[in-house]
Amino acid sequence: MLYFIIGLGVGGLIGTIGLLVASRILGRRLTELARREADGIIAQATTRAENNAKQIELEAKQESLKLRDEAEEVHNRAELDAAKAERAAAARELTLDRRAHELDQKVETLERRDEQLKQQEEEIRDVEQEVKAIRMELVDERCESKRQLERISKLTEADAREMFLKQISEDCQTEAGEMIRKSLEQAQDEAKTKSTTILLEAIQKYAAEQTADHTVSTIQLADDAMKGRVIGREGRNIRSFEKATGVDVIIDDTPGVVGLSCFDPVRREIARVSLEKLVGDGRIHPGRIEEVVHEATTEMDEQLIDLGNQAAHNGHAISIPRQLYPLLGRLHFRTSYGQNVLKHSLEVAHLAQVMADELGLDGTLARRAGLLHDIGKAFDHESEGSHAELGAALLRKLGEPEAVVNAAAAHHGDVPATTPLTPIIMAADTISASRPGARRESLERYVKRLKDLEKLAADFKGVRQAYAIHAGREIRVIADAKAVDDGGSAKLARDIAKAIADNVNFPGEIKVTVLRETRSVELAR
């Protein structure tokens with residue numbers, strides 16, 4: 001065991017010695033390698049340093065050459081600038097010399113002119129003295145001539161001056177009058193041409209569809225049996241209907257048609273609506289007829305307001321008083337020589353605005369005046385006076401502008417025009433009325449004759465209502481039962497017939513029918 005341990009120790013020692021020897025050998029080799037590597041690095045560093053030094057030396061040489069070139073360039077530039085400056089100085093010196101020479105010449109010229117001016121002043125003074133002497137001589141001669149002229153003409157200087165001025169004044173007045181006449185003629189020609197142009201433009205910018213108004217409305221029936229119900233037993237329904245509406249009911253052989261004839265369009269429209277309701281309902285008797293006619297009359301009042309409102313909207317006069325709406329609506333059912341008055345008013349409004357705009361006036365106000373210029377026709381049959389007077393009075397009462405009031409009052413020339421818009425309304429009214437097909441003279445005369453007949457009959461005492469029917473061949477008079485008895489009704493019919501024969505020109509004959517009815521009404525509760 002001991003030997004084994006000793007052997008292990010000797011073996012470990014030998015191994016240790018071997019390791020030390022091996023490590024020393026390895027260290028020497030590593031040292032040599034390191035020395036070689038260091039020598040290589042030093043050699044490389046030396047080579048790099050030498051290269052850098054050469055590069056720096058080369059760059060230094062290049063920089064030196066560059067600086068030398070720049071210095072030479074600056075030197076050359078400085079020499080060029082100096083040469084330019086010398087040349088400029090030489091040129092400036094030459095210019096100054098030339099100017100100095102010119103100044104010397106000018107001074108000499110001024111001195112010569114000064115001497116010439118002095119000589120001319122002396123000559124002028126001599127001439128002035130001569131002129132003064134001549135003037136004195138002329139004054140003496142003029143005075144002598146004036147005295148001689150005064151002796152010959154027997155006129156003083158003041159009288160001659162007055163005569164001369166008077167003659168000049170007369171000549172000037174004659175020439176001025178001629179100029180004024182020519183100016184007026186030229187202005188009238190220009191005004192005529194301009195007005196014609198404006199009227200043509202107004203007419204061209206407005207085109208209205210013309211429709212004829214009729215005095216007969218027709219009602220379509222489902223069958224001919226309905227005609228018998230409209231007539232009623234012994235004609236009581238048709239008589240009640242004609243009495244309540246004031247229209248003439250025409251029932252002939254035409255199948256399924258009943259005609260309504262009346263010159264008053266509002267009354268005829270009420271009758272048409274009433275009869276359509278009765279035919280549609282089927283209940284036709286005197287009590288029902290009066291009830292339906294009353295309803296249709298109420299509806300007509302509302303329709304008039306709607307028509308007036310629509311007309312104001314179409315005429316761009318929305319701010320007009322609401323009291324005028326129903327009156328404008330009535331114009332829808334009023335005709336003038338066959339021309340619808342409301343359509344005519346809208347035409348006049350449009351034409352007036354076009355002309356006012358062309359003349360530089362207030363087109364909106366002109367349109368308002370054109371729309372309202374015939375408003376008096378809505379109620380002229382209810383009051384005394386022309387429609388122009390009545391319309392102007394109403395518009396003034398409602399606070400309309402003076403231009404609108406004067407247009408309504410003067411558009412037929414009854415009163416003088418006080419605003420520029422009135423002649424425009426007159427022209428627009430004429431254009432609208434004179435368009436081909438706009439009016440029919442015969443229809444206007446026909447309507448006027450029927451109105452005259454109704455008015456003549458209604459003026460008799462005891463007459464409550466009077467209607468012209470059958471195209472004016474019959475006057476139906478509703479007498480007040482309290483004021484006229486049975487015997488008085490016959491006398492009333494004879495008196496009315498005599499008054500018509502004496503005051504109205506008509507062909508053929510006119511039948512006068514007086515109706516007197518007593519009605520008692522009680523309510524059962």
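In case you missed it, the structure is sitting above this.
A few points on the structure. In this text, all values refer to a predicted model and were calculated from it rather than measured experimentally.

Conventions we followed
- Residues numbered from 1 in each chain as written.
- Predicted model: local features only at pLDDT ≥ 70, side-chain atom pairs only at ≥ 80, totals over all residues.
- Heavy atoms only, no water.
- Helix = DSSP H or I, 4+ residues; strand = E, 2+ residues; numbered from the N terminus.
- Buried < 20%, exposed > 50% of the residue type's maximum accessible area, 1.4 Å probe, protein only.
- Contact = heavy atoms within 4.5 Å.
- Salt bridge = Lys/Arg side-chain N within 4 Å of Asp/Glu carboxyl O.
- Core = buried A, V, L, I, M, F, W, Y, C linked by side-chain atoms within 4.5 Å.
- Axes fitted to C-alpha atoms, helices over the stretch in contact; angles between N-to-C directions.
- Parallel < 35°, antiparallel > 145°, perpendicular 65-115°, else oblique.
- Left-handed = near helix turned anticlockwise from the far one by under 90°.
- Pairing = 2+ DSSP bridges.
- Patch = residues over 30% accessible without salt bridge, like charges linked within 9 Å, V, L, I, M, F, W, Y side chains within 5 Å.
- Areas by Shrake-Rupley, 256 points an atom, 1.4 Å probe, with all protein chains shown as cover.
- Nonpolar A, V, L, I, M, F, W, Y, C, P; charged D, E, K, R; others polar.
- Lys, Arg positive; Asp, Glu negative; His and termini not counted.
- Charge placed at Lys NZ, Arg CZ, Asp CG, Glu CD.

Focus: the side chain of E242
Following the sequence through the fold, E242 ends up in helix α4 (residues 236-245). Judged by its relative accessible area of 7%, E242 is buried. Filtering out sequence-adjacent residues up to four positions away, E242 remains in contact with V247, D248, V249, Y467 and R476.

Digging into the pattern of salt bridges
Under the criterion given, the structure shown has 16 salt bridges. For D374, the salt bridge identified is with K377, shortest N-O distance 3.8 Å. Accessibility expressed as a relative area gives 8% for K377, which makes it buried. Here the salt bridges do not stand alone but share partners, grouping D281, R283, R288 and E291 into one network.

Focus: unusual backbone geometry
Even without being a glycine, E234 presents a positive backbone phi close to 55°. Note on placement: E234 falls in the loop between α3 (225-231) and α4. Look at E234 and you get exposed, because its relative accessible area is 72%.

So, the nonpolar core
The biggest cluster of nonpolar side chains holds 39 residues, and the ones touching the most others in it are I320, L324, L328 and L395. Here the element with the most residues in this core is helix α8 (residues 341-358); it accounts for eight residues. Among residues more than four places away in sequence, those in contact with L395 are L324, L372, I375, E400, V404, V405 and A408. I219, V273, V279 and L304 belong to the second-largest nonpolar core, a separate cluster that totals 26 residues.

Points about the packing of α4 against helix α6 (residues 286-314)
Across the interface, α4 lies against α6 with an axial gap of 9 Å and an inter-helix angle of 25°. The angle between α4 and α6 falls in the class roughly parallel. Crossing of α4 against α6: the hand is right-handed. Residues R236, N237, S240, F241, A244 and T245 of α4 lie in contact with α6, whose contacting residues are P286, I289 and V293.

Quick look at the sheet that holds strand β6 (residues 463-469)
Sheets are built from strands that pair by backbone hydrogen bonding, the pairs being arranged parallel or antiparallel. In spatial order, the strands read β6-β7-β8; together these three strands make up an open sheet with mixed pairing. The open sheet has two free edges, formed respectively by β6 and β8 (511-516), since each of these has just one partner strand. Direction aside, the axes of adjacent strands within the sheet are offset by 20° on average. Bridge analysis of strand β7 (residues 474-479) against β8 gives six bridges, and the strand direction is parallel. Considered in β8, the bridge of R476 is made with T513. Those strands touched by α4 are β6 and β7, and its axis lies near 105° from that of β6.

Here's the deal with a nonpolar patch on the surface
A cluster of nonpolar residues, L13, I17, V21 and I25, forms a patch on the protein surface that exposes about 340 Å² of accessible area. With respect to the helices, strands and loops of the structure, L13 is situated in helix α1 (residues 2-153). Residue classification places L13 among the exposed residues on the basis of a relative accessible area of 54%.

Re the pairing of strand β3 (residues 257-261)
Extensive coverage of β3 is indicated by the burial of five of its five residues. Every second residue of β3 is oriented toward a common face, with V257, G259 and S261 on one face and V258 and L260 on the other, all of them buried. Note: strand β2 (residues 248-250) against β3, three bridges, orientation antiparallel. Among the inter-strand pairings, D248 is bridged to a residue of β3, identified as S261.

Some remarks on the packing of α8 against helix α9 (residues 363-372)
Packing of α8 against α9 brings their axes to within 7 Å, and their N-to-C directions diverge by 155°. Relative to α9, the element α8 lies roughly antiparallel. In the crossing of α8 with α9, the sense of the turn from one axis to the other is right-handed. For the pair α8 and α9, contact is made by S345, L346, V348, A349, H350, A352, Q353, A356 and D357 and by G363, A366, R367, G370 and L371, respectively. Across the contact of α8 with α9, the residue classes break down as seven nonpolar, five polar and two charged.

A few points about α4
Turn by turn, an α-helix covers 3.6 residues, leaving residues three or four places apart pointing in a common direction. Taken as a whole, α4 has its buried residues at N237, I238, F241, E242, K243 and T245. Looking at the residues trailing α4, positive phi occurs at G246, about 75°.

Overview of a negative patch on the surface
Where like charges cluster on the molecular surface, the negative patch consists of D104, E108, E111, D114, E115, E121, E122, E123, D126 and E130. Along the chain, D114 falls in helix α1.

Examining the pairing of β7
The buried fraction of β7 is high, at six of six residues. Here β7 shows two buried faces, one formed by E474, R476 and I478 and the other by I475, V477 and A479. Here β6 pairs with β7 via six bridges, running antiparallel. Residue Q465 lies in a different strand from β7, and its bridge partner there is I478.

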